[in-house]
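A closer look at the structure
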Amino acid sequence: SRDGKSLSDSPYAIFKYLLHHPEYKHFKHIWSINSSNELETVIADYKGLKNVKFVKRNSKEYLKCLATSKFLINNATFQSFFIPKNDQVYINTWHGTPLKSMGFDIPGNPAHSQNVVRNFLSADYLLSPNDHTTNMFLDSYKLNGVYNGEIIQEGYPRIDLTYHTDSEVFKSLLTKLGLTIDKTKQTILYAPTWKGTHVSKAKNDMFQIISEMTYLRNQVGEEYNLYIKVHPFLYDQARKFDEIKDILIPDFVDTNELLSLVDILVTDYSSIFFDFLVTNKPILFYIWDYDDYREERGMYLSDDELPGPTLFTIQEVAGAVQEISKISENYKSVYQAAKNKFTRHDDG
């Protein structure tokens, strides 16, 4: 999952299901990980199990496992040196329904999609939660007519974790990780996506994020716990700031398990909001860089299809939180339409 940076997303959901299902007791699970120190808290849960193993990404052991495992499960891409053998089964789960333009739909040079396309063409199965994502594979990545595998359009494994995670148990885990949590309050999660034109050059807007979070805490902190989950591309920058240490969700925490305890989601162009629809809880779209984003990247949905208000200043966000029940009422029908379109198969 995510180039070995975490145990998360649909690969993690599939792993948890197989691990606890009597029918699959004979399976041996091998996780590729980047840094065991970072993931120590997560790995600790599985250390004693004989059928679960962790290998360091790009080590000899990793290469051996990659070349000999029967099933390969990835939520993004294998590196360009690897091609699955004929008797291996490669399942690519991808990592969410896209709101931002993808593949050849992104303005500019399509060459950045080459390894993604190569992985999709190598995969025996591509997982898709809805028609929109299926069309992304076929049209945005030009697989139509050339892909020989099968696109499985069904419930998304990771969304089962949002349904089935015990939020009280998860709150205790967050406390252990050093986050401040008041169990008498409701919870707001701010989850912005990365900004910029290339993954290696994500814009660092941490100072803005910190000042806005401070403002929001001052405005609504009496009633709400406030947390921030930055995009993985920005996490290494974010963790350097003491000001948000007690509200910054560690990068290795699974987003879908986290969503089980969230009461209001504040996001921008992140596909996290599609997953959150199954909770029936309100979503606020805070898009201060709206013009740049439309121009540089492009979006698949128009504003009136978004299941929540579009807000351009942090003051508007605070105001919306204070009027959240009215907003929920106003967006009921758009919210339901989005659920029908994007989460029809997700029943837990």
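Here goes a summary of the coordinates provided. (Residues numbered from 1 in each chain as written. Predicted model: local features only at pLDDT ≥ 70, side-chain atom pairs only at ≥ 80, totals over all residues. Heavy atoms only, no water.)

**Quick notes on the pairing of strand S1 (residues 29-33)**
Side chains on a regular strand alternate between the two faces of the sheet. Of all the five residues making up S1, four are buried; the element is thus mostly covered by neighbouring parts of the structure. Two strands pair when backbone bridges link them, and S1 and strand S2 (residues 52-56) are joined in this way by five bridges, in the parallel orientation. Across the sheet, residue Trp31 finds its bridge partner in S2, namely Phe54. In this fold, S1 hands off to helix H2 (residues 36-43), which returns the chain to S2; that crossover is right-handed. (Buried < 20%, exposed > 50% of the residue type's maximum accessible area, 1.4 Å probe, protein only. Helix = DSSP H or I, 4+ residues; strand = E, 2+ residues; numbered from the N terminus. Pairing = 2+ DSSP bridges. Right-handed = clockwise from strand over helix to strand, strands pointing away.)

**Notes on the sheet that holds strand S10 (residues 283-286)**
Spatial ordering of the open sheet is given by S8-S7-S9-S10-S11, a layout of five strands whose pairing is parallel. On the outer flanks of this sheet lie strand S8 (224-228) and strand S11 (310-311), each paired with one strand and no other. As judged from the three bridges shared by strand S9 (residues 264-267) and S10, these two strands associate in the parallel manner. The residue of S10 that forms the bridge with Thr267 is Phe285. Relative to the sheet, helix H13 (residues 314-322) contacts strand S7 (186-191), S8, S9, S10 and S11, its axis offset from that of S10 by approximately 170 degrees. (Contact = heavy atoms within 4.5 Å. Axes fitted to C-alpha atoms, helices over the stretch in contact; angles between N-to-C directions.)

**Quick word on the packing of helix H8 (residues 206-220) against H13**
Between H8 and H13, the shortest axis-to-axis distance is 10 Å and the interhelical angle comes to 30 degrees. The angle between the axes of H8 and H13 places the two elements in the roughly parallel class. Two packed elements cross with a definite hand, and for H8 against H13 that hand is right-handed. Residues Glu212, Tyr215, Leu216, Gln219 and Val220 of H8 lie in contact with H13, whose contacting residues are Ile314, Gln315, Val317, Ala318, Val321 and Gln322. (Parallel < 35°, antiparallel > 145°, perpendicular 65-115°, else oblique. Left-handed = near helix turned anticlockwise from the far one by under 90°.)

**A word on the sheet that holds strand S6 (residues 150-153)**
Pairing in this open sheet of four strands is parallel, and the strands run S3-S4-S5-S6 from one edge to the other. Looking at which strands have only one partner, the edges of the open sheet turn out to be strand S3 (71-74) and S6. Adjacent strand axes in the sheet meet at a mean angle of 20 degrees, parallel and antiparallel pairs treated alike. Note that strand S5 (residues 125-128) and S6 share four bridges and pair parallel. Among the inter-strand pairings, Ser128 is bridged to a residue of S6, identified as Gln153.

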